[in-house]
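Descriptive structure summary
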Amino acid sequence: MTASGAMSLEQLSGDTLKVTLSGDWKLGGDLPGADKIERTLQDRAGVRQVVFDTRQLTSWDTALLTFLVNVHKIGSRQKISVNHDGLPDGAQKLLGLATAVPEKTDARQPEGRVAFLDSLGNQTVYLFRSAGEFLEFLGDAVLAFQKLLRGKAQFRLTDLGLIMQAVSAQALPIVSLICFLVGLILAFIGAIQLQLFGAQIYVADLVGIAMVRLMAAIMTGIVMAGRTGGAFAAQLGTMQVNQEIDALKTLGISPMEFLVLPRMLALALMMPLLCLYANIMGILGGMVVGVGMLHLSFIQYFNETAKAVGLWNLGIGLFSGMVFGVIVALAGCMRGMQCGRSASAVGDAATSAVVTAIVGIILSTAIITIICNVLGI
Amino acid sequence: MTETEAHITVRDLTMAYGDFVLMRDLTFTINRGDIFIIMGGSGCGKSTMMAILIGLKAPAKGKVFYGEVDFWGGDPQTRDRIIRRAGVMYQSGALWSSMTLAENVALPLETYTDLTPNQIQEVVSLKLALVGLAGFEEFYPAEISGGMQKRAGIARAMALDPEILFFDEPSAGLDPVSARRLDDLILELRDSLGTTMVVVTHELASIFAIGNNSVFLDVSKRTMTAMGNPNQLLAETRDPNLRLFLTRGEKS
């Protein structure tokens, strides 16, 4: 059974409206609204005062108070005084408390819909600003790197070691799995087509070149973007929230050198190694299909791969890997450093770090591919 | 304290976030050896004031002088050099969470001194002992209580024997006894080292116990309305807002 309250209105001698409340005035119950009073007041001009009779009110909670606040607002709109004397003591006091501090009118954020052109303009300004921020961050990173070359950068070698371990050795299982499967998938796709010509042996070429030149680096880059880029952003973001970065700044230690540089260095150094390992896993994946399904011999497959994959391919792959490493580290650290001071901001930073890194990886792959094409390598 | 030498001078300072002006026309002087309280209600810009004094946020207008040097007028290098002589205790401690307490305190020493690892070890132990954390060297910040984190934050701020120590709400979130101990620590450090202390707080007990100079930021008037010894202010003020603040709103 839901509790319910009732209200009846009665006009006393001339200018007074008596509001009689009865029953249970509780949240969730079936209650009359204050708009009924407003309509009554509009109908009967000449009312100057509202009084309450609550002798039959059995119980009440916030529901009664919100009703009374609404009556108050109606009263002040129509310049009618609201007399509290008939209300329960507790309600009178709470109402007094709620109206003790006047509403701060300039504190409310302006609401309402933003016009399309406004929001377009804001987005554009935001885009330009974030491009500027990115360039600034990049510049700072380059300066920090320059300091490193002069042997003046301040960071702890133990930090570098720990980060290097986290971005390389600990990433091996996932990189193994992903690249092995990508190699396998490539081989499958190739095998079906190549079998038509009886040219199964070229599966080795296909898998070898694709993995070594491009796929291993891209797949490793994307894995690292999700695994490490997000982690960097979350780490630095949390440090921002805890004022740890402020603490570094006030000690005159550049967060760029102390936090960003070792992360960039670790990824730039470890990514080529990871790529090399990913190459091997990818070729192994292809080999499983070649040997298991296409009945090539192990030696045949190995020789064909060795013949197909040139040093240039390997070089381009490892170089791409290093570039992706720098991109992932930059994106992660930049979003972390730009993080706001709340838990949800840390989440946003991690998300946008991953997105930024993946977009960066794909863009730079396109650029590298075009350059290689023009140079004919 | 007979000789009074200005340590930090703030002149016609305006603090703002974008178009929103938080406080304007702030002019006050912090003398050497003062325990200077920046007080005011919530949201009045106490912490922003501190961010400006320690070089984290540029003022919208006005100047800050450390001694004779214009803090925000110069280049970032000058600012770094000045602020290196200051220590800051942040509201939550802001210890570097990936390092032990010993490493936290040691980092400034490793960065700016030529001490050997052994000497650094000794200094770190001493500083931690000073704040009552002897034996906690190998703990990580997450493993100790909030009060201990704050004290460790002070130990780190004191690592380089700074001339000025800034405290952001030192007793917020502490039980009364720990808060009292922290106050005693601040007094003790000032008396024995002569360090200038700048304390941002609205904890009345602390304000009266340790402050010998203060500035009151009135949130409703968007400017400072009083400065001087808080005990004296309580006795003499006619400003209703300040009286309300200093007496917890009780009518006298």
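Worth saying up front: this structure is predicted, and the values here are computed from it rather than measured.

Regarding its fold elements, chain B presents nine helices and 10 strands. Computed over the C-alpha atoms, the radius of gyration of chain B is 18 Å, within 12% of the 18 Å expected from 2.2 N^0.38 for a compact globule of 252 residues. Expressed as a percentage of the 252 residues in chain B, the buried residues total 41%. Looking at chain B alone, contacts between residues at least 24 apart form 65% of all its contacts between residues at least 6 apart.

This next bit is on the overall build of chain A. Per the secondary structure count, chain A includes 12 helices and four strands. Against the compact-globule benchmark of 21 Å for 377 residues, chain A has a radius of gyration of 35 Å, which places it well outside the compact range. Along the first, second and third principal axes, the C-alpha set of chain A runs to 110 × 60 × 40 Å. Counting over 377 residues, chain A shows a buried share of 37%. Restricting to contacts in chain A with at least 6 residues of sequence separation, those with at least 24 account for 83%.

For the rest of this paragraph, the subject is the sheet that holds strand S4 (residues 81-82) of chain A. Paired through backbone hydrogen bonds, the strands of a sheet run either parallel or antiparallel to each other. Residues and elements named next belong to chain A. The strand order S1-S2-S3-S4 describes an open sheet built from four strands, whose pairing is mixed. Edge positions in the open sheet fall to strand S1 (5-12) and S4, since each of these has one partner strand only. Sheet analysis places strand S2 (residues 16-25) next to strand S3 (residues 49-60), joined by nine bridges and oriented parallel. Bridged to Ser22 within S3 is Gln56.

On the chain B side, the residues contacting the 11 residues of chain A number 14 residues. In terms of residue class, the side of chain A that touches chain B is made up of three nonpolar, five polar and three charged.

Residues and elements named next belong to chain B. Residue-level pLDDT values for chain B average 88, and 98% of them are 70 or greater. Ranking the helices and strands of chain B by mean pLDDT puts strand S8 (residues 196-200) first, with 93, and helix H2 (residues 76-83) last, with 86. The complex prediction reports pTM at 0.79, with the ipTM value standing at 0.81.

Let us look at the domain arrangement of chain A. Structurally, chain A comprises domain 1 (5-100) and domain 2 (135-375). Spacing between the C-alpha centres of domain 1 of chain A and domain 2 of chain A amounts to 68 Å.

Here we take up the sheet that holds strand S1 (residues 6-17) of chain B. All names here are of chain B. Strand order in this open sheet of four strands is S2-S1-S4-S5, and the pairing throughout is antiparallel. Only two strands of the sheet have a single neighbouring strand rather than two, namely strand S2 (20-31) and strand S5 (69-70). Pairing between strand S4 (residues 61-66) and S5: two bridges, direction antiparallel. Residue pairing across strands places Phe65 opposite Asp70, the latter belonging to S5.

Our next topic: the packing of helix H7 (residues 203-241) of chain A against helix H11 (residues 311-337) of chain A. Residue and element names in this part refer to chain A. Two elements in contact, H7 and H11, have axes separated by 7 Å at closest approach and are oriented at 15°. One finds that H7 runs roughly parallel with respect to H11. Relative to H11, H7 is oriented so that their crossing is right-handed. Counted by class, the contact of H7 with H11 contains 18 nonpolar, 14 polar and two charged residues.

Now for unusual backbone geometry. All names here are of chain B. Of note, the phi angle at Asp12 is positive, near 50°, even though the residue is not glycine. Inspection of the secondary structure puts Asp12 in strand S1. Residue classification places Asp12 among the exposed positions, given that 12 C-beta atoms sit within 10 Å. At Asp161, a residue that is not glycine, the phi angle is positive and equals roughly 50°. Counting through the fold element by element, Asp161 comes out in the loop between helix H5 (146-157) and strand S7 (164-168).

On to the pairing of strand S9 (residues 213-218) of chain B, then. The two faces of the sheet receive side chains in turn, since in a regular strand these alternate between them. Residue and element names in this part refer to chain B. Among the six residues in S9, five count as buried, and that is most of the element. Here strand S3 (residues 35-40) pairs with S9 via five bridges, running parallel. Within S9, the residue paired with Ile38 across the bridge is Val215. Both S9 and strand S10 (residues 223-227) contribute to a ladder of four bridges, which runs antiparallel. Within S10, the position partnered with Phe216 by the bridge is Ala226. Between the antiparallel neighbours S9 and S10 lie four residues, among them Arg222 with a positive phi of about 60°.

Here we take up helix H9 (residues 255-292) of chain A. Residues and elements named next belong to chain A. For H9, spanning 38 residues, the distance from its first C-alpha to its last is 52 Å, which sits close to the expected 56 Å at 1.5 Å a residue. Leu261 marks where H9 bends most, by close to 35°; the proline Pro262 follows one to four residues later. With 28 of 38 residues buried, H9 is to be regarded as a mostly interior element.

Let's shift gears to the packing of helix H3 (residues 101-112) of chain B against H5(B). Residue and element names in this part refer to chain B. One way to put it is that H3 packs onto H5 with a least axis distance of 8 Å and a crossing angle of 25°. Regarding the angle of H3 to H5, the classification is roughly parallel. At the point where H3 passes H5, the crossing takes the right-handed sense. Across the interface between the two elements, Leu101, Asn104 and Val105 from H3 touch Ala152, Ala155 and Arg156 from H5. Class assignment of the residues belonging to the contact of H3 with H5 gives a composition of four nonpolar, one polar and one charged.

This next bit is on the pairing of S4(B). Residue and element names in this part refer to chain B. When S1 meets S4, the two strands line up antiparallel, connected through five bridges. In the sheet register, Thr9 faces S4, and the bridge partner there is Phe65. Counted along the chain from S4 to the antiparallel partner S5, the turn is two residues long, and its residue Gly67 has a positive phi close to 65°.

Before going further, it helps to examine helix H6 (residues 172-196) of chain A. Residues and elements named next belong to chain A. Along its 25 residues, H6 runs 36 Å from first to last C-alpha, staying within 8% of the 36 Å computed at 1.5 Å per residue. At Gly190, H6 shows its largest kink, close to 25°. Among all positions in H6, only Val175, Cys179, Val182, Gly183, Leu184, Leu186, Ala187, Gly190 and Ala191 are buried. Each element contacted by the buried residues of H6 is listed here: H7 and H9.

Before going further, it helps to spend a moment on the environment of Glu10(A). Residues and elements named next belong to chain A. With respect to the helices, strands and loops of the structure, Glu10 is situated in strand S1. Overall, the presence of 11 C-beta atoms within 10 Å leaves Glu10 in the exposed class. Taking the C-alpha atoms as reference points, Glu10 and Thr40, 30 residues apart in sequence, are found 9.7 Å from one another.

Procedures and definitions
Residues numbered from 1 in each chain as written. Chains lettered and ligands numbered in written order. Predicted model: local features only at pLDDT ≥ 70, side-chain atom pairs only at ≥ 80, totals over all residues. Helix = DSSP H or I, 4+ residues; strand = E, 2+ residues; numbered from the N terminus. Rg over C-alpha atoms; globule rule 2.2 N^0.38 Å. Buried ≥ 20, exposed ≤ 12 C-beta atoms within 10 Å, placed from the backbone. Contact = placed C-beta atoms within 7 Å. Pairing = 2+ DSSP bridges. Nonpolar A, V, L, I, M, F, W, Y, C, P; charged D, E, K, R; others polar. pLDDT = per-residue confidence, 0-100. Domains from an automatic or database assignment. Axes fitted to C-alpha atoms, helices over the stretch in contact; angles between N-to-C directions. Parallel < 35°, antiparallel > 145°, perpendicular 65-115°, else oblique. Left-handed = near helix turned anticlockwise from the far one by under 90°. Expected span 1.5 Å × (residues − 1). Bend = angle between axes of the 7 residues up to and from the residue.

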